[in-house]
Amino acid sequence: MDKVLKKSRDSNYELLRIVSMFMILIVHADFFSFGSVTTDDLNDNIISSTARLSFEMLSIGAVNVFVMISGWFGIKASVRGFFNFAFQCIYFISGIYAIALLFGIAEFSPRTLFENIFVNCGWFIKAYIGLYLLSPLLNMFLEKADKQHIRNFIILFFLFEFVYGWIGNTSFISQGYGTLSFIGLYMLARYLKIQWGGVKRTIYGLYVFLFCAVANVALYIIFLKLFNGVVLDLCSYISPIVIVGCCGLMIFVRGIEMNTNHIVNFIARSSFAVFLLHGNNYVMIYIFKPSILWCYDKYNGLQCLIYIVFILSAFFITAIILDQPRKYLWNKFINN
């Protein structure tokens, strides 16, 4: 991830990278850990259920935003950059596997280690590698084509994705869990930069983001009340409401004027480590999810929220710290 940008890092988007990764923690601490809000949940405690819905809808676009940041600047694919990304993934996957062996959670076998790295590494890693490999072709199209052709491609792409992926639930689109969705987000972000890069009143982007989140919460509750279930997957990465909200957030951040902040940039360089740590199967099953559920059972209301934020912050900080030896080893290898 360290070498994917075409120019020096802009601290406003690096801050967004950090925020989006914390939003991913929130998503995994909410619907992923507790399950989706149901009609019974609304009837039993509408305040708690609405709060959970609000956090989910404000955070569900985090993965899209993380990919769109790459599209905003453009991925500069290189052998060195690819192996840097691969080394970070292997560093965390193999390191967590080794710790799981020490605690007797896992049993050692070369096949298990191979599967952890190449098969069970998580959908995002595989999807992003696909985007990384295709990025030179995407960049070539974006550089050669005019605005009208790019716009027409994006309109047709998302129309196809919405109809057959979001509504039709086509298996190869898989609600945005794959490279195909990342291609659309990458192109969309690049077009936003071309079309909206000079717009100054970017505060409207924040209004769009918040409106989409509120609309998603309202629609979710309406569907639960009317149909005793959500007819459309409003938490889908390819939901038009979610994608429009992500566009608003990207445009809003463009208008934030920040000088280069070395602390923000330093943390952002290791932000993907947060996903690699807490999203690992061993950590998720044995530490992350049980910690969130324990907190929810033991505390109520604001106190519960404070403790959950504390837990998520602890995971975030731990991941940033654990990534520093990886960066040292990589730089040592490159320098030699």
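Residues numbered from 1 in each chain as written. Predicted model: local features only at pLDDT ≥ 70, side-chain atom pairs only at ≥ 80, totals over all residues. Heavy atoms only, no water.

Some points on the overall build of the protein chain
And step 1. Along the protein chain, the regular secondary structure elements total 16 helices and 0 strands.
And step 2. For the protein chain, the C-alpha radius of gyration of 20 Å lies close to 20 Å, the compact-globule estimate for 336 residues.
And step 3. Across its three principal directions, the C-alpha atoms of the protein chain cover 60 × 55 × 40 Å.
And step 4. Taking all 336 residues of the protein chain together, the buried fraction comes to 47%.
And step 5. Within the protein chain, counting contacts between residues at least 6 apart in sequence, those at least 24 apart form 82% of the total.
And step 6. Accessible surface computed for the protein chain: about 16,900 Å², of which carbon and sulfur atoms make up 66%.
And step 7. In the protein chain, the 25 positive side-chain charges and the 17 negative ones have mean positions that sit 13 Å from each other. (Helix = DSSP H or I, 4+ residues; strand = E, 2+ residues; numbered from the N terminus. Rg over C-alpha atoms; globule rule 2.2 N^0.38 Å. Buried < 20%, exposed > 50% of the residue type's maximum accessible area, 1.4 Å probe, protein only. Contact = heavy atoms within 4.5 Å. Areas by Shrake-Rupley, 256 points an atom, 1.4 Å probe, with all protein chains shown as cover. Lys, Arg positive; Asp, Glu negative; His and termini not counted. Charge placed at Lys NZ, Arg CZ, Asp CG, Glu CD.)

Notes on the nonpolar core
And step 1. One finds M68, F124, L131, F182, Y220 and F272 to be the most contacted residues of the largest nonpolar core, which totals 104 residues.
And step 2. Considering each element in turn, this core owes the most residues, 10 residues, to helix α12 (residues 240-254).
And step 3. Apart from residues lying up to four places away in sequence, M68 is in contact with L185, L188, A189, L192, C246, C247 and M250. (Core = buried A, V, L, I, M, F, W, Y, C linked by side-chain atoms within 4.5 Å.)

Describing a nonpolar patch on the surface
And step 1. On the surface, I99, L102, F103, I105, I285, Y286 and I287 cluster together to form a nonpolar patch covering roughly 790 Å² of accessible area.
And step 2. Among the secondary structure elements, those contributing two or more residues to the nonpolar patch are α6 (79-102) and α15 (281-298).
And step 3. Ranked by residues supplied to the nonpolar patch, first place goes to α15 with 3 residues. (Patch = residues over 30% accessible without salt bridge, like charges linked within 9 Å, V, L, I, M, F, W, Y side chains within 5 Å. Salt bridge = Lys/Arg side-chain N within 4 Å of Asp/Glu carboxyl O.)

Points about the packing of aromatic side chains
And step 1. In total, this model carries 39 aromatic pairs according to the counting rule given.
And step 2. An angle of 45° between the planes, with centres 6.2 Å apart, marks the rings of F22 and F316 as tilted. With F22 in helix α1 (residues 11-29) and F316 in helix α16 (residues 301-335), this pair connects stretches of sequence that are 294 residues apart.
And step 3. On the accessibility criterion, F22 (22% relative accessible area) is partly exposed. (Phe/Tyr/Trp six-rings, centres within 6.5 Å; stacked < 30°, edge-to-face > 60°.)

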